[in-house]
Amino acid sequence: MKHSVARAGTLVEALPYLQRFADQTIVIKYGGNAMVEEALKASFATDITLLKQVGINPVVVHGGGPQIGNHLAKIGKEAKFIDGMRVTDSETMDVVEMVLAGLVNKEIVGNINKAGGKAVGLSGKDGGLICARKMHIEKTAPELDVPEIIDLGHVGKVHAINTEILKVLEDDRFVPVIAPVGYHKAEGKSYNINADLVAGAIAAALGAAKLILLTDVAGVLDADKQLCSQLSVAETRAMIADGSIAGGMIPKTTCCIDAVASGVGQAHIIDGRVPHALLLEIFTDEGVGTVFSAD
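Residues numbered from 1 in each chain as written. Predicted model: local features only at pLDDT ≥ 70, side-chain atom pairs only at ≥ 80, totals over all residues. Heavy atoms only, no water.

Participant: Talk me through the overall build of the protein chain; I want residue IDs and the actual numbers.
Facilitator: Across its full length, the protein chain carries 9 helices and 14 strands. Taking 295 residues into account, the globule formula puts the C-alpha radius of gyration at 19 Å, and the protein chain, at 19 Å, falls close to it. In terms of overall dimensions, the protein chain has a C-alpha envelope of 70 × 45 × 35 Å along the principal axes. Taking the contacts inside the protein chain whose residues are at least 6 apart along the sequence as the reference set, 72% of them involve residues at least 24 apart. Surface exposure of the protein chain reaches about 14200 Å², of which carbon and sulfur atoms provide 54%. When the 27 positive and 35 negative side-chain charges of the protein chain are each reduced to one mean point, those points stand 5 Å apart. (Helix = DSSP H or I, 4+ residues; strand = E, 2+ residues; numbered from the N terminus. Rg over C-alpha atoms; globule rule 2.2 N^0.38 Å. Contact = heavy atoms within 4.5 Å. Areas by Shrake-Rupley, 256 points an atom, 1.4 Å probe, with all protein chains shown as cover. Lys, Arg positive; Asp, Glu negative; His and termini not counted. Charge placed at Lys NZ, Arg CZ, Asp CG, Glu CD.)

Participant: Quick one: what's the story with the packing of aromatic side chains, residue by residue and with numbers?
Facilitator: Throughout the structure, instances matching the rule amount to 1 aromatic pair. Between Tyr30 and Phe44, the aromatic rings sit 3.7 Å apart at their centres with planes inclined by 0°, giving stacked as the arrangement. Residue Tyr30 is located in strand β1 (residues 25-30), and its partner Phe44 is located in helix α2 (residues 38-53); the two are separated by 14 residues in the primary sequence. What makes Tyr30 buried here is its relative accessible area of 2%. Accessibility expressed as a relative area gives 3% for Phe44, which makes it buried. (Phe/Tyr/Trp six-rings, centres within 6.5 Å; stacked < 30°, edge-to-face > 60°. Buried < 20%, exposed > 50% of the residue type's maximum accessible area, 1.4 Å probe, protein only.)

Participant: Which residues make up the pairing of strand β10 (residues 189-192), and what are the values?
Facilitator: Two strands pair when backbone bridges link them, and strand β9 (residues 181-184) and β10 are joined in this way by 4 bridges, in the antiparallel orientation. The partner of His184 across the bridge, within β10, is Lys189. What sits between β9 and β10 in their antiparallel hairpin is a turn of 4 residues, with Gly188 showing a positive phi close to 70°. (Pairing = 2+ DSSP bridges.)

Participant: Mind laying out the packing of helix α7 (residues 233-241) against helix α8 (residues 249-261), listing which residues take part and the relevant values?
Facilitator: Across the interface, α7 lies against α8 with an axial gap of 10 Å and an inter-helix angle of 155°. What the angle tells us is that α7 and α8 run roughly antiparallel. In this structure, α7 meets α8 at a crossing whose hand is left-handed. Between α7 and α8, the contacting residues are Val233, Thr236, Arg237 and Ile240 on the first element and Thr253, Thr254, Ile257 and Val260 on the second. Here the residues of the contact of α7 with α8 are counted per class, giving 4 nonpolar, 3 polar and 1 charged. (Axes fitted to C-alpha atoms, helices over the stretch in contact; angles between N-to-C directions. Parallel < 35°, antiparallel > 145°, perpendicular 65-115°, else oblique. Left-handed = near helix turned anticlockwise from the far one by under 90°. Nonpolar A, V, L, I, M, F, W, Y, C, P; charged D, E, K, R; others polar.)

Participant: Go over unusual backbone geometry, please, and point to the residues and values.
Facilitator: For Arg173, which is not a glycine, the phi torsion comes out positive at approximately 70°. You can see Arg173 is positioned in the loop between α5 (164-171) and β8 (175-179). The residue His276 is not glycine, and still its phi comes out positive at about 60°. Position of His276 relative to the elements: it lies in the loop between β13 (266-271) and α9 (277-283). Relative accessible area serves as the criterion here: at 33%, His276 is assigned to the partly exposed category.

Participant: Tell me about helix α3 (residues 65-74), and please be specific about residues and values.
Facilitator: Residues of α3 that are buried include every one of Gln67, Ile68 and Leu72, and no others. Taken around the axis of α3, the buried residues stretch over an arc of 135°, which confines them to a single face. α3 presents Pro66, Ala73 and Lys74 as exposed residues on the side facing more than 90 degrees away from its buried surface. Where the residues of α3 are buried, they touch β4 (85-86) and α4 (90-114). (Arc of directions from axis to C-beta.)

Participant: Any chance you could break down the nonpolar core for me, citing the residues and the numbers?
Facilitator: Residues Ile28, Ile48 and Leu214 are the most contacted members of the largest nonpolar core, which totals 40 residues. If you list the elements that add at least two residues to this core, you get α1 (2-21), β1, α2, α3, α4, β8, β11 (210-215) and α9. No other element matches α4, which puts 9 residues into this core. Judged by nonpolar contacts, the second largest core, of 38 residues, contains Val61, Ile161, Tyr191 and Leu206. (Core = buried A, V, L, I, M, F, W, Y, C linked by side-chain atoms within 4.5 Å.)

Participant: I'd like a description of the pairing of strand β14 (residues 289-293), backed by residues and values.
Facilitator: Across the 5 residues that make up β14, a large majority, 4, are buried. Here 3 bridges tie strand β12 (residues 230-232) to β14, and the two strands are oriented parallel to one another. Residue Leu231 lies in a different strand from β14, and its bridge partner there is Phe292.

Participant: Which residues make up the sheet that holds strand β2 (residues 57-62), and what values do they have?
Facilitator: On the basis of which strands lie adjacent, the open sheet formed by 8 strands has the order β5-β8-β2-β1-β11-β13-β14-β12 and mixed pairing. Every other strand in the sheet has two partners, leaving β5 (119-123) and β12 as the edge strands with one partner each. Taking each pair of neighbouring strands and ignoring which way they run, the sheet shows an average axis angle of 20°. Here α4 sits on the sheet in contact with β1, β2, β5 and β8, set at roughly 165° to β5. Together, β12 and β14 form the strand contacts of α7, whose direction differs from that of β12 by roughly 90°.

In structure tokens:
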């Protein structure tokens, strides 16, 4: 009986969140161990199906870096990175598109459908969803009078998001699952785009209530290695400036505060290694990560 009462208490705790986010859009960047471990993959698919069932509109954007690396190794092609960005020539882009828009995307779609959902796989080419532009990075050095412009090949950035196809799918009760492959119509070229950036751009374009990044860390930690459950944009920028946020967490936290600044209600970095992390973050008071807000 005590166990049953505790379950009822969990449902009651979720009620205000169910009411608050009914008919709202939540964009989820899916990556890390949650995409690799079988139990976590099933947990994620169940979470997405439940969100849609209770009247929330989830949009999934997924990564796939390790899977791309494995397939490149099979064909004997060495991966090369500059400032964390994969150098992507035409042959590598073919592999990227095959793995992301094909193998990885369809597995996620299959898992959600198996859990009872209605998922549809997309890439940026579908319906002109992700309009991309070529990305260059600049390197400065004391011996150079001007910054060196480095060409990363088929690495892109988001120029625009066409939300029409997403709204059609939402109206028909489907869950979009999006591979971060953009397209430049005039050039006729595909571009590999960072999945966090795609998720943030889509969240902003849809006016999403939340952007959630699933990672392999608990969230943002302070100087004492304690989890920061809530951060404002100003607090986040201060932590980046003083070095409390460093390394790979800088682009993720920057993505979150940029999304909030663009009108997204809240952004989250959560621990995808925790089963049902999405539900715990959205429907409980404690959550399982760090939430970013404008103030």
